[in-house]
Amino acid sequence: MDDRWNAFMPYPDANVGHAATGPLSGLRLAVKDLFDVAGYPTAAGNAMLLATSGIKTSTASLVQTLLDAGARFVGKTNTDELAYSLIGGNIHFGMPINPSDPELIPGGSSSGSAVAVAAGLADIGLGTDTSGSIRLPAAINGLVGWRPTYGSLDNGGLRPLAPSLDVPGFMTRSLEPMAALMSAVGISAADDRPSSVLIVEDIFDTIEEDAADGMIARLRSAAIPVREVGSISSFNLDELALAFVTILQKEAWESNRSIFERSPQAIAPDITARLLSGSRLGIGEVREARRIREHFSREIDRLFRNDVVVVLPTLATSPPKRDAGPQSFAAFRSACIKFLCLSGLSGCPQLTFPLANCDGNSSSSLLGARSADRMLMAVGKRLHIG
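- By the naming in an unreviewed UniProt entry, the chain is Amidase, taken from Rhizobium multihospitium.

Here is the structure:
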């Protein structure tokens, strides 16, 4: 394989079998290097973990499900270190190259899987999404990205970052293979259609007017009933983002404390700084963040009782260039978390896809009730072109 995009980890090939026939037959599968695959190590983007991993003798449950459905494994992909970033960089293994614009970041942490699909090296990019690690790189690379309902997919054999937020999910070039993936992993087909699509004013007020107008025009042209609501919660976006980041940092510290204490120099400085922030969080701060999450989840449940779907931009701002400085990366991450945290806090599914013919071929997202993954797909098919 000619991997000039640095999408894949440089592992020697091992024989990974797959079913001869099945719903995913003929589709090539790229697997983020957080999932165990028999015959390969699992490095999670960290050189020390690679050195101590050993060759795995069993395959993660979800990966095996895909292989049994006929998908053909083509390699393990690069990831941000410990899956703890949204940028796509890695001081140990390098930053994958964004095929659509090599000057821009590829987005992370499922950067390699996104780039593999965008570059035509794979048809299915298996990744994980904690704070946006599927949705953000999908948006930057012009892909469809699916963060499933929390807990709906088996995460056995997957290295955690923040267990109460981690979700395995997928990236594809179009909606058709994503629909096949939903069937293959057991998400039942449904003909449900939403009663309406909601536009949340305090979200749309934060983005450029042309981008907002383009998304609204697309909804209306698809003859989907549209309603506007002032806000999605009694908490503002800053409060929700802070609660999310607090929970994320606390759990990320707990998941990685042993590696940090054993060898702190083996972790990149920016990742180290976020881990240390999590280590310093007080019991009261974490308790308050979890209280906000519980309250927000109840509000979201009430909002979605009437079979509605929320439409929102995937990204809050344009992605920075790959050679931008740490401050630019931090500002981009902070801005995007305000939108990306909604699915993480609520456990609700989100489907991300490019909207052709809108300014910049912008990426839009649909957020729905827990277990309404297929409803999101139905709306996406009515909106999506290409």
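From this point, things continue past the structure.
Overview of the domain arrangement of the chain
Right, on to step 1. Here the chain is partitioned into domain 1 (28-185) and domain 2 (196-237 + 283-383).
Right, on to step 2. Placing the centre of domain 1 and that of domain 2 at their C-alpha centroids yields a distance of 22 Å.
Right, on to step 3. At the interface, 33 residues of domain 1 touch 32 residues of domain 2.
Right, on to step 4. Both faces combined, the contact of domain 1 with domain 2 buries some 2800 Å², and carbon together with sulfur accounts for 63% of it.
Right, on to step 5. A salt bridge links lysine 321 to glutamate 103, with the nearest nitrogen and oxygen atoms 3.6 Å apart.
Right, on to step 6. Inspection of the region where domain 1 meets domain 2 yields 16 residue pairs in polar contact (both at pLDDT 80 or more).
Right, on to step 7. If you list the elements that add at least two residues to the side of domain 1 that touches domain 2, you get α4 (135-140), β4 (144-147) and α5 (175-184).
Right, on to step 8. It is α5 that contributes the most residues to the side of domain 1 that touches domain 2, 5 residues altogether.

A closer look at a negative patch on the surface
Right, on to step 1. Where like charges cluster on the molecular surface, the negative patch consists of Glu208, Glu209, Asp210 and Asp213.
Right, on to step 2. On the basis of relative accessible area, aspartate 210 is assigned to the exposed category, the value being 51%.

Some details on unusual backbone geometry
Right, on to step 1. Put simply, glycine 108 and serine 109 share a cis peptide bond, and its omega is 5°.
Right, on to step 2. As for its placement among the helices and strands, serine 109 is situated in the loop between β2 (72-77) and α3 (111-118).
Right, on to step 3. Positive phi, normally seen in glycine, also occurs at leucine 82, with a value near 60°.
Right, on to step 4. Its place among the elements puts leucine 82 in the loop between β2 and α3.

Quick notes on the rules
- Residues numbered from 1 in each chain as written.
- Predicted model: local features only at pLDDT ≥ 70, side-chain atom pairs only at ≥ 80, totals over all residues.
- Heavy atoms only, no water.
- Domains from an automatic or database assignment.
- Contact = heavy atoms within 4.5 Å.
- Buried area = accessible area lost by both parts, 1.4 Å probe.
- Salt bridge = Lys/Arg side-chain N within 4 Å of Asp/Glu carboxyl O.
- Polar contact = N/O pair within 3.5 Å; in protein donor to acceptor, adjacent residues only side chain to side chain.
- Helix = DSSP H or I, 4+ residues; strand = E, 2+ residues; numbered from the N terminus.
- Patch = residues over 30% accessible without salt bridge, like charges linked within 9 Å, V, L, I, M, F, W, Y side chains within 5 Å.
- Areas by Shrake-Rupley, 256 points an atom, 1.4 Å probe, with all protein chains shown as cover.
- Lys, Arg positive; Asp, Glu negative; His and termini not counted.
- Charge placed at Lys NZ, Arg CZ, Asp CG, Glu CD.
- Buried < 20%, exposed > 50% of the residue type's maximum accessible area, 1.4 Å probe, protein only.

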